[in-house]
Amino acid sequence: MAEIVIVEDAQAAGELVADAVSALIARKPDAVLGLATGSTPLAVYRALADRAGSLDLGQVSGFALDEYVGLPASHPESYRSVITREVVEPLGLDPDRVHVPDGTVDTIQTAGADYERAIIAAGGIDLQILGVGTDGHIGFNEPGSSFASLTRVKTLTEQTRRDNARFFDSPDDVPMHCITQGLGTILRAEHLVMLAFGEGKAKAVAASVEGPLSAMMPGSAIQLHPHATVVIDEAAASEL
Ligand code: GLP
């Protein structure tokens, strides 16, 4: 059973997770962080940016969960751009140590295996930050994803494309495909920290934390992990 922590708001969650990241870096200066995109983890990145002056982040590396396929890395909504803007620059991380799956169409056949190798070469992920989609997806592992899956190309569901349309000029501009760490990849991290805020996430949180293990609810994979922490506000906890 995951450890559940109910906090006042996103800001309090950000401070709490930043405490865990700070403690990890103090213990292990070359810590490897698993980085989620989406609006949910922003509070964590802001809290870490506020402390960047007092943290030694020079040897820290990071691996993003996912990326759109076919969107140029230079597009402002590519996850490469988002991670650069929200994490690498504010925290002052070494950009060469922060990896994002490669969504370039020409090399997509090998990009998943390359990413898995890079994670292993870095010694594995110490702390994986996770959001959760309204349909229970983690990373871009949509319902139907195998618990054993590794980094690979997936088709985005209509609901996820609708959810993410707000970041694009038109809903039609949201890519159809993505490359995402698999549930199996995510489960290899030492510590999982899932965050969720607001009533819209309450059903996905309840199903992930206490529902049956099911490929139709990718978030339920966290129940298989020996060290998973779920940090949520009252609204996201309302269906527990
Ligand atoms: C996105 C990302 C996920 C994220 C989720 C929730 O599509 N690929 O990694 O956790 O959807 O997004 P948000 O935090 O904005 O609600």
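Residues numbered from 1 in each chain as written. Predicted model: local features only at pLDDT ≥ 70, side-chain atom pairs only at ≥ 80, totals over all residues.

### Description of the overall build of the protein
A tally of helices and strands in the protein yields 7 helices and 10 strands. For the protein, the C-alpha radius of gyration of 16 Å lies close to 18 Å, the compact-globule estimate for 240 residues. Its C-alpha atoms put the protein at 40 × 40 × 35 Å along the principal axes. Across the 240 residues of the protein, 46% fall into the buried class. Of the contacts formed within the protein by residues at least 6 apart in sequence, a portion of 80% connects residues at least 24 apart. (Helix = DSSP H or I, 4+ residues; strand = E, 2+ residues; numbered from the N terminus. Rg over C-alpha atoms; globule rule 2.2 N^0.38 Å. Buried ≥ 20, exposed ≤ 12 C-beta atoms within 10 Å, placed from the backbone. Contact = placed C-beta atoms within 7 Å.)

### A word on the pairing of strand β8 (residues 177-180)
Both faces of the sheet carry side chains from a regular strand, because those side chains alternate between them. One ladder, built from 3 bridges, connects strand β4 (residues 66-68) with β8; its direction is antiparallel. Among the inter-strand pairings, D66 is bridged to a residue of β8, identified as T180. Pairing of strand β7 (residues 152-155) with β8, which is carried by 4 bridges, proceeds in the antiparallel orientation. Paired with K154 across the bridge in β8 is C178. (Pairing = 2+ DSSP bridges.)

### Quick notes on the sheet that holds strand β5 (residues 98-99)
A sheet is described by the order of its strands in space; here 7 strands give the open sequence β1-β10-β9-β6-β2-β3-β5, paired in parallel fashion. In the strand order of this sheet, the two ends are held by β1 (3-7) and β5, each with one partner. By the bridge criterion, 5 bridges tie β1 to strand β10 (residues 228-233) in an arrangement that is parallel. Each bridged residue has a counterpart across the sheet, and for I6 the counterpart in β10 is I232.

### Side note on the nonpolar core
Ranked by internal contacts, the top residues of the largest apolar core, which has 69 residues, are V17, L35, V193, M194 and V205. No other element matches the 6 residues that helix α1 (residues 10-27) contributes to this core. Ignoring any residue separated from it by four or fewer positions in sequence, one finds V205 in contact with V132, A196, I232, A236, A237, E239 and L240. (Core = buried A, V, L, I, M, F, W, Y, C linked by C-beta atoms within 7 Å.)

### Regarding the UniProt feature "active site" (unreviewed entry) in the protein
Under the local residue numbering, the UniProt record ascribes the feature "active site" (unreviewed entry) to D66, D135, H137 and E142. Looking at where D66 falls in the secondary structure, it is placed in strand β4. Discounting chain neighbours no more than four positions away, the residues touching D66 are Y79, P101, G139, F140, C178, I179, T180 and Q181. With respect to the helices and strands, E142 occurs in the loop between β6 (127-130) and β7. Classification of E142 by C-beta neighbours within 10 Å gives buried; the count is 22. (UniProt positions renumbered as here; feature names shortened; annotations may be inferred.)

### Focus on the UniProt feature "domain: Glucosamine/galactosamine-6-phosphate isomerase" (unreviewed entry) in the protein
As annotated by UniProt and renumbered to match this structure, "domain: Glucosamine/galactosamine-6-phosphate isomerase" (unreviewed entry) occupies residues 10-224. Strand forms 14% of residues 10-224 and helix 35%; the C-alpha atoms that close the span are 26 Å apart.

### Considering helix α2 (residues 42-51)
Residues of α2 that are buried include every one of A43, V44, Y45, A47 and L48, and no others. In this structure, the buried side of α2 is in contact with α1, α3 (79-91) and β6.

### Overview of the sheet that holds β8
Spatial strand order, β4-β8-β7: 3 strands in an open sheet with antiparallel pairing. Each having just a single partner strand, β4 and β7 make up the two edges of the open sheet. Geometrically, the sheet is characterised by an average inter-axis angle of 30° between neighbouring strands, direction not taken into account. (Axes fitted to C-alpha atoms, helices over the stretch in contact; angles between N-to-C directions.)

### Observations regarding the site of the ligand
The full set close to the ligand counts 14 residues, and G38, S39, T40, G131 and G133 are the nearest of them. Tallied by class, the residues present in the shell around the ligand amount to 4 nonpolar, 9 polar and 1 charged. (Near = placed C-beta within 6 Å. Nonpolar A, V, L, I, M, F, W, Y, C, P; charged D, E, K, R; others polar.)

### A word on the confidence of the model for the protein
When the pLDDT values of the protein are averaged, the result is 97; 100% of them are 70 or greater. Across the interface, the model reports ipTM at 0.93; the global pTM reads 0.96. (pLDDT = per-residue confidence, 0-100.)

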